[in-house]
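Residue-level structure breakdown
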Amino acid sequence: MREQNQEKESPLASRLRPKTLDEMVGQQHIIGKDKLLYRAIKADKLSSIILYGPPGTGKTTLAKVIANTTSAEFTQINATSAGKKDMEEVVARAKDFRGMYGKKTILFIDEIHRFNKGQQDYLLPFVEDGTVILIGATTENPYFEVNGALISRSIIFELKSLTAEDIKILLLRAVRDTEKGMGAYHAEIDEDALAFLADIANGDARAALTAIELGILTTERSEDGKIHITIEVASECIQKRVVRYDKTGDNHYDTISAFIKSMRGSDPDAAVYYLARMLYAGEDIRFIARRIMICASEDVGNADSMALVVAVAAAQAVERVGMPEAQIILSHAVSYVACAPKSNAAVCAISDAMETVKHTKTAPVPAHLQDSHYRSSGNLGRGVGYKYAHDYPNNYVKQQYLPDGLTGTVFYRPTENGYEENIGKHLKKIREEADCQQ
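Reading the values: rules and limits
- Residues numbered from 1 in each chain as written.
- Predicted model: local features only at pLDDT ≥ 70, side-chain atom pairs only at ≥ 80, totals over all residues.
- Heavy atoms only, no water.
- pLDDT = per-residue confidence, 0-100.
- Helix = DSSP H or I, 4+ residues; strand = E, 2+ residues; numbered from the N terminus.
- Contact = heavy atoms within 4.5 Å.
- Expected span 1.5 Å × (residues − 1).
- Buried < 20%, exposed > 50% of the residue type's maximum accessible area, 1.4 Å probe, protein only.
- Polar contact = N/O pair within 3.5 Å; in protein donor to acceptor, adjacent residues only side chain to side chain.
- Core = buried A, V, L, I, M, F, W, Y, C linked by side-chain atoms within 4.5 Å.
- Phe/Tyr/Trp six-rings, centres within 6.5 Å; stacked < 30°, edge-to-face > 60°.
- Salt bridge = Lys/Arg side-chain N within 4 Å of Asp/Glu carboxyl O.
- Axes fitted to C-alpha atoms, helices over the stretch in contact; angles between N-to-C directions.
- Parallel < 35°, antiparallel > 145°, perpendicular 65-115°, else oblique.
- Left-handed = near helix turned anticlockwise from the far one by under 90°.
- Nonpolar A, V, L, I, M, F, W, Y, C, P; charged D, E, K, R; others polar.
- Lys, Arg positive; Asp, Glu negative; His and termini not counted.
- 1 Å grid on protein atoms, 1.4 Å probe; cavity = no way out; pocket = protein on both sides within 12 Å on 5 of 7 lines; lining within 4 Å.
- Points joined across faces, edges and corners; volume = space filled by probe spheres on them.

**Considerations on the confidence of the model for the protein**
Confidence in the prediction of the protein, expressed as mean pLDDT, is 84, and 92% of residues score 70 or more. Ranking the elements of the protein by mean pLDDT puts helix α1 (residues 2-9) last, at 58, and helix α18 (residues 326-339) first, at 94. Confidence drops under pLDDT 50 across residues 241-250; counting only partners more than four residues distant or on other chains, this segment forms 21 contacts.

Laid out in structure tokens, this is it:
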């Protein structure tokens with residue numbers, strides 16, 4: 001009775017959790033019908049796995065689907081509140097089920113990165129001998145946060161942020177489903193409100209479903225007897241200001257494009273203005289910070305390498321500080337990048353180099369540049385004849401670095417802007433002096 005009442009009264013995002021794989025939205029790169037995880041779940045032949053991805057992408061949902069599909073005993077614990085004693089109890093029950101009934105036990109650990117090394121180590125022998133099949137869920141990179149021994153005994157599946165179209169499907173399901181959703185309220189959602197929620201949720205299904213539930217529960221019925229979720233209602237429910245995404249209003253992509261082009265064009269006033277528009281609309285500060293970092297390399301480059309340093313520092317700072325103070329940090333970075341001298345020489349260099357690699361045969365590395373550390377220096381001539389640059393004036397010596405057939409090819413052409421002018425003069429100087437010495 002308690003479980004039934006809890007299911008009825010639980011939040012919409014929880015009630016709408018899919019029961020089967022076919023009900024799941026998104027993540028087709030791992031649960032598509034021809035994919036390994038789909039086949040393993042359907043065949044009930046699951047091995048230990050770790051599900052890694054941002055919040056609201058379906059990690060717990062996928063674990064629940066597995067629980068509904070498998071014949072194995074399914075146990076769930078949360079690493080934020082569970083300890084070693086809880087795991088000992090799970091292992092003891094798993095041994096009993098295995099010994100008495102020949103039944104496997106699947107242990108789902110949410111937020112597994114919260115376990116310390118000792119707690120993770122405790123699981124190793126039981127995962128190794130098959131006492132438990134581990135399903136770990138984490139929002140952090142498992143290669144850094146999860147014990148390497150557990151990683152080696154598990155298959156890692158990365159869940160991606162849901163697309164806007166995925167979120168739209170879930171929102172419409174929430175509005176129309178009369179059994180688990182809000183269908184009994186006879187609500188309707190405007191197209192622009194649907195697009196706004198799907199976009200602003202930033203791939204987080206839970207955030208979008210929480211907003212639509214709040215909107216339906218708190219909005220009065222109109223004269224036609226229906227609850228209408230307009231874009232104004234949607235913006236209030238998700239606590240984000242609206243930038244309209246229709247043909248006649250401001251466009252998300254136009255704004256970010258103008259923002260980047262203003263930084264590139266050295267107009268700090270325009271750049272800060274578009275920054276303010278995005279912040280006012282509720283744009284993700286991490287998304288803005290990423291664009292600033294890209295611009296710092298793509299459009300400033302070696303003309304002022306401090307631009308990238310400032311941009312990266314700003315990206316780290318806004319995650320630690322959060323809004324509203326993050327807007328000051330972003331303004332700091334934007335104004336610096338906009339005012340910095342500009343060069344796209346690094347972009348041109350890698351573009352030309354990539355094209356060369358794409359359209360030419362992979363030539364061998366010159367023998368004198370090849371590694372000789374683990375071989376005799378005379379073995380096939382590897383490393384023989386290499387000139388150590390620091391033994392020569394200006395720490396420079398002329399020798400062949402590019403493979404045969406590409407000698408003399410120029411990829412990086414420093415401009416005369418900012419510090420890059422010094423780079424160009426330096427390269428010219430050391431090359432000319434080396435020529436004179438020869």
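Resuming the write-up.
**Describing unusual backbone geometry**
The residue after M323, namely P324, is reached through a cis peptide bond having omega 10°. As for its position among the elements, P324 is in the loop between α17 (306-321) and α18. The phi dihedral of N395 falls on the positive side, at around 55°, and the residue is not glycine. Tracing the backbone through its elements, the reader meets N395 in the loop between α19 (345-359) and α20 (420-437).

**Details of helix α16 (residues 285-300)**
Compared with the 22 Å implied by 1.5 Å per residue over 16 residues, the 21 Å span of α16 between its first and last C-alpha is a close match. Residues of α16 that are buried: I285, I288, A289, I292, C295, A296, D299 and V300. The residue sitting at the N-terminus of α16 and contributing the capping side-chain oxygen is D284; that oxygen lies 3.0 Å from the backbone nitrogen of R286. Looking one or two residues past α16, G301 carries a phi angle of roughly 55°, positive in sign.

**What to know about the nonpolar core**
Ranked by internal contacts, the top residues of the largest apolar core, which has 33 residues, are I167, L171, I189, L197, L209, I212 and I216. If near-sequence neighbours (up to four positions away) are discounted, I216 is found in contact with V175, M182, Y185, A187, I227 and I229.

**Brief notes about the packing of aromatic side chains**
Inspection of every chain in the model, using the stated rule, returns four aromatic pairs. Ring geometry for F97 and Y101: centres 5.8 Å apart, planes at 45°, overall tilted. Placement of the pair is F97 and Y101 together in helix α6 (residues 84-101), with a separation of four residues, close to one helical turn. For the ring pair Y273 and Y274, a centre distance of 5.1 Å and an interplane angle of 65° mean the geometry is edge-to-face.

**Regarding the side chain of T75**
Along the chain, T75 turns up in strand β2 (residues 73-78). Judged by relative accessible area, which is 13%, T75 ranks as buried.

**Thoughts on the pattern of salt bridges**
Applying the stated criterion across every chain yields a total of 11 salt bridges. For D352, the salt bridge identified is with R413, shortest N-O distance 3.7 Å. On the criterion of sequence distance, the pair formed by D352 in helix α19 and R413 in the loop between α19 and α20 is long-range, its members being 61 residues apart. Overall, D352 belongs to the partly exposed group, its relative accessible area being 32%. Across the pair K425 and E421 runs a salt bridge, and its minimum N-O distance is 3.4 Å.

**Remarks on the packing of α16 against α18**
Helix packing for two helices is described by the angle between their axes and how far apart those axes are. Where α16 meets α18, the closest approach of the two axes is 10 Å, and the angle between their N-to-C directions is 15°. As the angle between them shows, α16 and α18 are arranged roughly parallel. Crossing angle aside, the handedness with which α16 passes α18 is left-handed. On α18, the residues touching I285, I288, A289, I292, C295, A296 and V300 of α16 are A326, L330, A333, V334 and V337. Tallied by class, residues from the contact of α16 with α18 come to 12 nonpolar, no polar and no charged.

**What to know about the side chain of K59**
Along the polypeptide, K59 turns up in helix α5 (residues 59-69). D110 provides the closest opposite charge to the buried, unpaired K59, separated from it by 6.5 Å. A polar atom in the side chain of K59 sits 3.0 Å from the backbone oxygen of G53. The contacts of K59, once residues within four sequence positions are left out, are L51, Y52, G53, P54, A137, T138, T139 and L159.

**Observations regarding the environment of Q120**
Mapping Q120 onto the fold places it in helix α7 (residues 117-128). The sequence separation of Q120 and G148 amounts to 28 residues, and the corresponding C-alpha distance is 9.8 Å. Each residue touching Q120, except ones within four places of it in the same chain, is listed here: I112, F115, E145, V146, N147 and L150. Of the polar contacts made by the side chain of Q120, one reaches the backbone oxygen of E145; its length is 3.5 Å.

**Observations concerning the layout of surface pockets**
Of the voids in this model, the largest pocket is the one considered here, and its volume is about 740 Å³. Where the lining of the largest pocket is concerned, the elements lending two or more residues are α11 (191-200), α14 (252-264) and α16. Residue contributions to the lining of the largest pocket peak at four residues, all from α16.

**Looking at the packing of helix α10 (residues 164-176) against α11**
At a minimum axis separation of 8 Å, α10 and α11 run at an interaxial angle of 125°. Judged on the interaxial angle alone, α11 and α10 are oblique. In this structure, the crossing between α10 and α11 has a hand that is right-handed. Packed against α10, whose contacting residues are A164, I167, K168, L171 and L172, the element α11 presents E191, L194, A195, L197 and A198 at the interface. Looking at the contact of α10 with α11, its residues break down into eight nonpolar, no polar and two charged.

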